[in-house]
Amino acid sequence: MVLDFFRKQKYITVQPESENRDIPEGIWVKCSRCSEILFNKELDHNHKVCLKCGYHFRVPAHERMEMTLDEGSFREMDAGMLPVNPLNLPDYGDKLDSAVKKTGLKEAVVTGEGSIGGYPVVMVVMDARYMMGSMGTVVGEKITRAIEAAAAGCKPLLIFSASGGARMQEGILSLMQMAKTVAALTRLEEAGQLYISVLTDPTTGGVSASFAALGDIIIAEPGALIGFAGQRVIEQTIRQKLPEGFQRAEFLKQHGFVDMVVPRPQLRAVLTGLLDLHLREEI
Amino acid sequence: MQAILEFEKPIEELEVKIAELRNFATEKGIDLTNEIAILENRAREVKESIYSNLNSWQKVLIARHPERPNVYDYIKHLFTQFYELFGDRLYGDDPSVVGGIARFRGRAVTVLGHLKGKDTKENLARNFGMAHPEGYRKAMRLMKQAEKFKRPLICFIDTPGAYPGMGAEERGQSEAIARSILTMASLRTPIIAVIIGEGGSGGALAFGVGDRVLMLEHTIYSVISPEGYASILWKDASRNKEAAETFGITAQDVLKLGVVDRIVPEPVGGAHRDPEATAKSLGQAISESLDELLSTDPEILIESRYNKFRAMGQAYLV
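Per chain, the residues get numbers from 1 upward, laid out in the order the sequence is written. By the order in which they are written, chains take letters starting at A while ligands take numbers starting at 1. Per-residue local features of the predicted model are confined to residues with pLDDT of at least 70, and side-chain atom pairs are confined, for both listing and counting, to 80 or more; whole-chain, interface and lining totals are unaffected and use all residues. Heavy atoms throughout the structure, all of them, feed into the side-chain values; hydrogens and water do not.

- For chain B, the name recorded in an unreviewed UniProt entry is acetyl-CoA carboxytransferase, with anaerobic digester metagenome as its organism.
- Its UniProt record gives chain B a comment under Catalytic activity (unreviewed entry), which states: "N(6)-carboxybiotinyl-L-lysyl-[protein] + acetyl-CoA = N(6)-biotinyl-L-lysyl-[protein] + malonyl-CoA".
- UniProt positions are given in the numbering used here, feature names are shortened, and annotations may be inferred rather than shown by experiment. Note on chain B: under the UniProt heading Pathway (unreviewed entry), the record states "Lipid metabolism; malonyl-CoA biosynthesis; malonyl-CoA from acetyl-CoA: step 1/1."

- Chain A has the name Acetyl-CoA carboxylase (Carboxyltransferase beta subunit) in an unreviewed UniProt entry, where anaerobic digester metagenome is given as its organism.
- Under the Subcellular location (unreviewed entry) heading, UniProt states for chain A: "Cytoplasm".

Below, the structure written as structure tokens:
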């Protein structure tokens, strides 16, 4: 039959796109939530928030600095601190190397000083692209130094968390970074200095259970995953599916653990307003 | 009857033989003192040889031994006038955390600890020593109370970790753990923390910010369980034994990393074979640490505590 000639004989299988939340270099990008194809420049202009569904893409540390701080105000601290391998694990070195290559960062956090709306701040930004922003010895040390700098220099502290928790490859020393960073916050408390904790996707495990939970003001980005235990572990324990929205920013606010959920395009204005209230007297 | 670990079987076999011989001797009225003495000697040697060559996984098993003395055992052996106090004044009381006031060698102290059960029924009641937010908040209340009445705080750590459940997340276990760490970091009274079994993750650290942190000889302290390591890093939970060796979780490893101050020896054969002797050894160590801390000015105490945790991992920085 002549019609057979037109009948499609072979089907190709289109692999479903893996859930890759990093934005590839290129002109176009697909929203990981609504699958809308977005023009990269427009997305950047909208602070990496999907123009259609409002999905907040994850933001690399230096971009976060740029979109939050006054232009040209950022001065990085401890930029040269290198990753370490205290347990001498054979494959950890390679993991670190590939994280460094992938991100151009030496470790999973960038710290420094800058200003927002003219108000000087100490700024800490974690980067989830680097081994899921996990906190090991160096991350803990850099954050502690930033907290101490804020206390000593009488500057407000802003920490943008993005972390899966403690870095397992550095063992018990990673757990101790929770104690170290939290202890440093007592210095800030004594200095009467403001600490704003901004929880971005994801803030879980040992980071959620240390400095991230202790801001004077806690802001979360819409839809960010925030919690201590991993969702898979909880589901295995309770033997049921978790409800929609469990451990998301809005859920945390509803349960009283977050002051506000602020969409990223408004975040800088909110931070400026809060800093203004803490740093400027009108009478 | 004691739960016997696989590697303890040679000891167990000898002990059974000794018991049989004893029974036989009494029944028949025969003097077997020499034979029994020989076997007892042999049992001691075997025990010593096994217990001086434990690998990390065997230590995990001892740390988790169902009959390992728990916080109530140490309270019974080490303290008098114990009054247990309950509730967080916010939501409820967490049965997996025990707290109260007691007397330790004449001095009033505040006692805190995770509580694991010794059988299934007890473990279900105590949630296997895995605290909910209420547990940490009860603990914080008692910490502040200790500070108010200038009582030293003694914490017994024994938990697989925080409880991965829905309620625990809804009621903010992240915040509870973080604030417990913060409370300890600034508490104006001496703190001694002792790991008596499993020191699992954030749930353990929530009671672990001490001026002195001690570990019993066969205990573990880790950022995640060996099973967690194996399943997350190697995608294979059955490699837990290998994970125990790799990630430095035994008291001896943790001491080397500079995370704890001192290892408290257990009797040969482990704490579960002789809780009383273990308590005696631990009491001595607590007493020594307490004497040092009580002679320290509170300001200096907090400053040294800060420096102690500030230094964690610094030796490895490049």
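**Quick notes on the UniProt feature "domain: CoA carboxyltransferase C-terminal" (unreviewed entry) in chain B**
- In the numbering adopted here, UniProt assigns the feature "domain: CoA carboxyltransferase C-terminal" (unreviewed entry) to residues 38-292 of chain B.
- Helix and strand shares over residues 38-292 of chain B are 45% and 19% respectively, and the end C-alpha atoms of the span are 44 Å apart. The helix and strand labels rest on DSSP assignments: H or I over at least four residues marks a helix, E over at least two residues marks a strand, and numbering proceeds from the N terminus.

**With respect to the UniProt feature "domain: CoA carboxyltransferase N-terminal" (unreviewed entry) in chain A**
- When the UniProt feature table is mapped to this numbering, "domain: CoA carboxyltransferase N-terminal" (unreviewed entry) covers residues 27-283 of chain A.
- For residues 27-283 of chain A, the helix share is 37%, the strand share is 19%, and the end-to-end C-alpha distance is 51 Å.

**A word on the domain arrangement of chain B**
Residues and elements named next belong to chain B.
- Note that domain bounds follow an automatic or database assignment of domains. According to the domain assignment, chain B consists of domain 1 (6-53) and domain 2 (60-311).
- With centres defined by C-alpha atoms, the gap from domain 1 to domain 2 works out at 35 Å.
- By buried area we mean how much accessible surface two parts lose on assembly, using a 1.4 Å probe and totalling the loss over both. Both faces combined, the contact of domain 1 with domain 2 buries some 650 Å², and carbon together with sulfur accounts for 62% of it.
- We define a salt bridge as a side-chain nitrogen of Lys or Arg found within 4 Å of a carboxyl oxygen belonging to Asp or Glu. Where domain 1 touches domain 2, the interface holds two salt bridges.
- In protein, a polar contact requires one atom able to donate a hydrogen and another able to accept it; more generally it is a pair of N or O atoms within 3.5 Å, and residues adjacent in sequence count only if both atoms are side-chain atoms. Where domain 1 touches domain 2, the interface holds four residue pairs in polar contact (both at pLDDT 80 or more).
- Elements with a contribution of two residues or more to the side of domain 1 that touches domain 2: α1 (9-28) and α2 (33-51).

**A short note on the pairing of strand β5 (residues 119-126) of chain A**
Residues and elements named next belong to chain A.
- β5 sits mainly inside the fold: seven of its eight residues count as buried.
- As defined by bridge partners, strand β4 (residues 109-116) adjoins β5 across eight bridges and the pair is classed as antiparallel. Note on β5: the bridge partner recorded for G112 is M123.
- Strand pairing is assigned whenever DSSP detects at least two bridges linking the two strands. Here β4 folds back onto β5 in antiparallel fashion, the turn holding two residues, of which G117 has a positive phi close to 55 degrees.
- For β5 and strand β6 (residues 157-163), the ladder comprises four bridges, and the chain directions are parallel. Bridge pairing links V124 to I159 in β6.
- Think of it like this: strands point away, you trace from the first strand over the helix to the second, and a clockwise trace means the crossover is right-handed. Note on the crossover from β5 through helix α5 (residues 137-152) to β6: the handedness is right-handed. Using a 1.4 Å probe on the protein chains alone, a residue whose accessible area is under 20% of its type maximum counts as buried, one over 50% counts as exposed, and one in between counts as partly exposed.

**Quick notes on the nonpolar core**
- Each nonpolar core is a collection of buried residues, namely Ala, Val, Leu, Ile, Met, Phe, Trp, Tyr and Cys, held together in the definition by side-chain atoms within 4.5 Å. Ranked by size, the top nonpolar core spans 134 residues in total, and within it L157 and F211 of chain A together with Y221 and V259 of chain B carry the most contacts.
- Looking at this core, the element that brings in the most residues is helix α6 (residues 171-190) of chain A, giving eleven residues.
- When near neighbours in sequence (up to four residues on either side) are disregarded, V259 of chain B contacts I172, L173 and M176 of chain A together with Y221, V254 and M312 of chain B.
- Ranked by size, the runner-up nonpolar core spans 27 residues in total, among them V71, Y74, F79 and V109 of chain B. Note on definitions: a residue-residue contact is assigned when non-hydrogen atoms from the two residues lie within 4.5 Å.

**Remarks on the side chain of K47 of chain B**
- Within the secondary structure, K47 of chain B sits in helix α2.
- Leaving out residues up to four positions away in the same chain, K47 of chain B has contacts with I11, E15, V268, G269 and R273 of chain B.

**Topic: the interface of chain B and chain A**
- Contacts between the two partners involve 46 residues from chain B, matched on the other side by 52 residues from chain A.
- Buried surface at the junction of chain B and chain A, both sides included, amounts to about 4,200 Å², of which 75% is carbon and sulfur.
- Counting the contacts that link chain B with chain A gives three salt bridges.
- Note that R187 of chain A is salt-bridged to E303 of chain B, the shortest N-O span being 3.2 Å.
- Connecting chain B to chain A are 14 residue pairs in polar contact (both at pLDDT 80 or more).
- If you list the elements that add at least two residues to the side of chain B that touches chain A, you get α7 (166-170), α8 (173-185), α9 (201-205), β7 (220-222), α10 (226-233) and α14 (298-310) of chain B.
- Charged residues are taken to be Asp, Glu, Lys and Arg, nonpolar residues to be Ala, Val, Leu, Ile, Met, Phe, Trp, Tyr, Cys and Pro, and polar residues to be all remaining types, Gly included. Across the side of chain B that touches chain A, the residue classes tally to 27 nonpolar, eleven polar and eight charged.

**Things to note about unusual backbone geometry**
- Put simply, D201 of chain A and P202 of chain A share a cis peptide bond, and its omega is -10 degrees.
- By the element assignment, P202 of chain A lies in strand β7 (residues 195-204).
- For S201 of chain B, which is not glycine, the phi torsion reads 60 degrees and is therefore positive.
- Summarising the element assignment, S201 of chain B is placed in helix α9.
- Given the relative accessible area of 18%, S201 of chain B is considered buried.
- The backbone of K235 of chain B sits at a positive phi, close to 55 degrees, despite the residue not being glycine.
- Relative to the helices and strands, K235 of chain B is located in the loop between α10 and α11 (240-246).
- Relative accessible area serves as the criterion here: at 70%, K235 of chain B is assigned to the exposed category.

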